[in-house]
Each structure stands twice: as C-alpha cells, then as structure tokens.
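Below, each chain spelled out in residue letters.
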Amino acid sequence: QVGVHGIRLETGALPGPVALVLMDVTEARRVEVVRRDFVANVGHELKTPVGALRLLAEAVEDAADDPETVRRFSARMTHEAERLSRLVRELIDLSRLQGGEPLPELVPVEVDRVVAEAVDRTGLAASAKQITIASGGQHGLVVRGVESQLATAVTNLLANAVAYSPEGTRIAVGARGRSGFAEITVTDSGIGIPREDRSRVFERFYRVDQSRASTTGGTGLGLAIVKHVASNHGGSVSVWSEEGLGSTFTLRVPLAAQVDVEASSAAAGA
Ligand code: ADP
C-alpha cells in the first residue's frame, strides 16, 4: 500500500510501472519532509547562540566602564561562539556522512591508533573535570575503515562520557574482537540515560534534557554522527545505560582480517 496526497492506494490493484512511479513520489515526499524538518531544526539551533551573542554584545557595550562585567560577558561570548562553531563543524560532518558521497576507500585501520587519537582529543576536557580516561582491552586489532571518521566517532563518545559525568570520575575505553567485529566500548559512571530516551539519543538534535544540554554546550548531533560512521562502515552502535549509574556505548566495526586473538590478549595482559 502506498499513499500519495493522503489517498491510500492498493499497489496490488495497479499495473507494476504505475505502482513504482507512485512509490517514487511517496519516497520523494518523505525525503522532502525530512529535509524541511532538518532545515527548520538547523535554523532553530543556530538562532539560540546567535541571539545570545547579540544580547551579550549589547550588554558589553552598556557595561563599557565596568571591567569585571565586560570580562564576565566576554567569557560567555567566547562560550557561545565555541558552541556555534562546534554546531557548524558537526553539521558539515553530518552532511558529508549522509550526503550520499561515496565513502573514501576502506583501508586497514589500527584500532589502537583510533582510540589513542580520541583520548588525546578529549584529554583537556577530561582533566578540566579531574576525570581519568583509562584505556585497556585487546590491542593490535585492525578494522577496515576510514581512520578520520572512526576517530571522530570515538571522540564523540568520549566527549559525551566526559560531559555527562561528574568531576573526579573515571571513564574506560577499550576494544575487543568478537565475531568478526571490533567492539570499541566507552564506559562512564555518569548521570546515565532514562529508559524512554535510550532509543532516541542517536537521532539528530535529540537531547535528553534541553537545559542540561545547553550547559554542556551540546548540539544533539554527536551521536547522529557516530551512527552514520557506524553504518558507513557496515557496523553499528548501541547503548547500555542505567540512570544514575552510567552508560556504556559500543561501536562495532568489521575487522580487517582474522586476528590472532590469543596472541593479542596475551599482549594486552602483559
Ligand atoms: P549532545 O551534543 O547534546 O551531547 P549527542 O547526540 O552527542 O548530543 O547526545 C544526545 C543526547 O544523549 C545528549 O544530549 C545526552 O542527553 C545523551 N547522552 C549522550 N551520551 C551520554 C552519556 N555518556 N551519558 C548520559 N547521557 C548521554
């Protein structure tokens, strides 16, 4: 059954080519609706930091002879500008990933390098909150992929773990080979995700709590990017979480070749 302009039609009653054309029209309309929603969302998301920047700029002007206030408002302007540039960067990433551009050639990528790169990129944010990132698991795994995309995905998972964990906690990141896939897990003991939100956090712009997200500078795009990276690689991403206890995100990416599991776990244990 397909529906066009609200009319439901039995495809079985139509000759093949007509049914196909109708289906194309329905799909085109669906794509159009998704695109319109997306543009509306982007507009809304851009409006917030831009509006804040304008108000802050006015406040700075008014407070010109009060250096302390100027300093305080300027710091907030920097914060808003950073949020804005993160949003733009993530929008570009996302549009590249889902734009139907052919994926760059998949080549052997060392998981250890991907994890190290991601830990490196989140180190500053973690130490600002006295959070320790411990990497462990199996070493020497090689997947087929695009290193920059995988590093972005693991960085997004680690950045979230940092953002949604209290100060002084510990985050574990590690990999293991299982059934032809490398499973990269990021575990935090942060605030966790309520059950009803768990399946939706991978949607673009979805946030568990808008007010909470704005204080962490979140854009709601990080996990949508992870999901696209996973599917571009023929893999997947999933989450386990318990409110108040923490979350574990698992990214699965096909291994490049059968690895000698015993040798690499022996190396990992050494
Ligand atoms: P954001 O930029 O808001 O972090 P994401 O797409 O990365 O956007 O995540 C979507 C939402 O999922 C977040 O706003 C947050 O509510 C929730 N979330 C993601 N990772 C975690 C985590 N490790 N712990 C708790 N909540 C999380």
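Located above this text is the structure these notes cover.
Residues numbered from 1 in each chain as written. Predicted model: local features only at pLDDT ≥ 70, side-chain atom pairs only at ≥ 80, totals over all residues. Heavy atoms only, no water.

Trainee: Give a description of the pattern of salt bridges that names residues and reports values.
Mentor: The full count for this structure, using the stated rule, is 10 salt bridges. Between R54 and E58 there is a salt bridge whose closest N-O contact spans 3.9 Å. One end of the pair is R54 and the other is E58, both in helix α1 (residues 16–62) and 4 residues apart, which spans about a single turn. Residue E147 is joined to R113 by a salt bridge in which the shortest nitrogen-to-oxygen separation is 3.0 Å. Placement of the pair is E147 in helix α4 (residues 147–163) and R113 in helix α3 (residues 111–128), with a sequence separation of 34 residues. E147 gets classed as partly exposed once you look at its relative accessible area, which sits at 28%. By relative accessible area, R113 is classed as partly exposed at 48%. Shared partners join several salt bridges into a network, and the residues in it are R176, R178, E183 and R252. (Salt bridge = Lys/Arg side-chain N within 4 Å of Asp/Glu carboxyl O. Helix = DSSP H or I, 4+ residues; strand = E, 2+ residues; numbered from the N terminus. Buried < 20%, exposed > 50% of the residue type's maximum accessible area, 1.4 Å probe, protein only.)

Trainee: Please provide a residue-by-residue account of the side chain of Q138, values included.
Mentor: Position of Q138 relative to the elements: it lies in the loop between β4 (132–137) and β5 (142–145). Separated by 3.0 Å, the side chain of Q138 and the backbone nitrogen of G177 make a polar contact. (Polar contact = N/O pair within 3.5 Å; in protein donor to acceptor, adjacent residues only side chain to side chain.)

Trainee: Which residues make up helix α7 (residues 222–232), and what are the values?
Mentor: Within α7 the residues assigned to the buried category are G222, L223, A224, I225, V226, V229 and A230. Lining the buried residues of α7 we find α2 (67–98), α4, β8 (236–242) and β9 (246–254). Phi turns positive, to about 75°, at G234, one or two residues after α7. (Contact = heavy atoms within 4.5 Å.)

Trainee: Describe the pairing of β5, listing the residues and the values that go with them.
Mentor: Only one face of β5 is buried: it carries V143 and G145, and the other face, with V142 and R144, is open. Sheet topology places strand β3 (residues 107–110) next to β5; 4 bridges connect them, and they run antiparallel. Counted as the bridge partner of V107 is G145 from β5. (Pairing = 2+ DSSP bridges.)

Trainee: An account of unusual backbone geometry is needed here, citing residue identities and associated values.
Mentor: Even without glycine at this site, S179 takes up a positive phi of about 50°. For S179, the position within the fold is in the loop between β6 (170–178) and β7 (181–188). The phi torsion at F205 lies on the positive side, around 70°, for a residue other than glycine. Classification of F205 by relative accessible area gives buried; the value is 8%.

Trainee: Break down the packing of aromatic side chains for me, citing the residues and quoting the values.
Mentor: Per the counting criterion, the structure on display carries 1 aromatic pair. Look at F202 and F249: their rings are 6.1 Å apart centre to centre, the planes differ by 75°, and that puts the pair in the edge-to-face class. Here F202, found in the loop between α5 (195–198) and α6 (210–216), pairs with F249, found in strand β9; they are 47 residues apart in sequence, far enough to count as distant. (Phe/Tyr/Trp six-rings, centres within 6.5 Å; stacked < 30°, edge-to-face > 60°.)

Trainee: Please give an account of the sheet that holds β6 that cites residues and values.
Mentor: What the 5 strands build is an open sheet, ordered β4-β6-β7-β9-β8; its pairing is mixed. If you trace the sheet from one side to the other, it starts and ends with β4 and β8, each paired once. Pairs of neighbouring strands in the sheet enclose a mean axial angle of 15°, with direction left out of account. Note: β7 against β9, 8 bridges, orientation antiparallel. Looking at β9, one finds that I184 is bridged to L251. On the sheet, α7 packs against β8 and β9 and is oriented at approximately 140° with respect to β8. (Axes fitted to C-alpha atoms, helices over the stretch in contact; angles between N-to-C directions.)

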